[in-house]
Amino acid sequence: MRIPKFVKAVLLSTALFTMAAPAYADYSYTPLSNKITATFKVNAPAGPTYVLHWLDSSNHELETLPLQTVNSGDSKDLKLRATVSQDFKNIQYYFKITRTDGTSITKSDLNLFQYRDSGSLTALSSSVDGDLLLIYSKNFSTITSPSMDSTFKITFNSAGQYQISVVAVSSPI
């Protein structure tokens, strides 16, 4: 079958036009203004946050409690506030207690209790690792956003100076 020259020319020019079209397709109209662009850098969302503070007797948040003075055999409530960006599940508080008076710490130096939702006290077990007395709280099924308070009762059985640090950890269920 024979194709007329005119049809060949139209087909060839259509093919060339189609191949070249992407080069000038952006302005297949007559622009009236300048072209502007915007560039964005999209960061990953911020990770969840979990911040602990001590609460003083007026419920003010503190990074560090001032020196607390109690008599041997006396008890003191320790209040913590967790400020969280989302709900956290299965959390425990990990207490590290040291003596700062140069005396070795023993399990009998103090007792730590956790107040439960019902108001009852639960004794927490401890272990000694070198100069540290280590105590895990009972599991909190959920720490709710934006904040949640927890109270512990500590009884000092031996006179001396102590330092307590606390961190929240995921509970191994």
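Note: the structure precedes this text.
Reading guide: rules and limits
Residues numbered from 1 in each chain as written. Predicted model: local features only at pLDDT ≥ 70, side-chain atom pairs only at ≥ 80, totals over all residues. Heavy atoms only, no water. Helix = DSSP H or I, 4+ residues; strand = E, 2+ residues; numbered from the N terminus. Contact = heavy atoms within 4.5 Å. Areas by Shrake-Rupley, 256 points an atom, 1.4 Å probe, with all protein chains shown as cover. Pairing = 2+ DSSP bridges. Buried < 20%, exposed > 50% of the residue type's maximum accessible area, 1.4 Å probe, protein only.

Chemist: Explain the overall build of the protein to me, please; I cannot follow it from the model alone.
Modeler: Secondary structure assignment for the protein yields one helix and eleven strands. Reading the protein from its N terminus to its C terminus gives the helix and strand order α-β-β-β-β-β-β-β-β-β-β-β. At a minimum sequence separation of 6, the contacts of the protein that also span at least 24 residues come to 74%. A total of about 12,300 Å² of accessible surface is found on the protein, and carbon and sulfur atoms cover 56% of it.

Chemist: When you look at unusual backbone geometry in this model, what are you seeing that I'm missing?
Modeler: Residues other than glycine predominantly adopt negative phi, and peptide bonds predominantly adopt the trans conformation. At the junction of serine 145 and proline 146, the peptide bond is cis and its omega measures out at 5 degrees in the coordinates. Mapping proline 146 onto the fold places it in the loop between strand 9 (140-143) and strand 10 (147-156). Of note, asparagine 59 is a non-glycine position whose phi angle comes to about 65 degrees, a positive value. Positive phi, normally seen in glycine, also occurs at asparagine 90, with a value near 55 degrees. Structurally, asparagine 90 is set in strand 4 (residues 88-99).

Chemist: What should I look at first to understand the pairing of strand 10 in this one?
Modeler: Every regular strand shows the same layout, with side chains that alternate between the two sheet faces. The pairing of strand 3 (residues 75-84) with strand 10 spans nine bridges and is antiparallel. In the sheet register, lysine 79 faces strand 10, and the bridge partner there is threonine 151. Across five bridges, strand 5 (residues 110-115) lies against strand 10 in antiparallel orientation. The partner of glutamine 114 across the bridge, within strand 10, is phenylalanine 152.

Chemist: How should I be thinking about the environment of leucine 121 in this particular structure?
Modeler: With respect to the secondary-structure elements, leucine 121 resides in strand 6 (residues 121-124). With relative accessibility at 38%, the residue leucine 121 sits in the partly exposed group. Between the alpha carbons of leucine 121 and threonine 151 there is a distance of 9.9 Å; along the sequence they are 30 residues apart. In contact with leucine 121, other than residues within four places in its own chain, are Phe113, Gln114, Tyr115 and Lys153.

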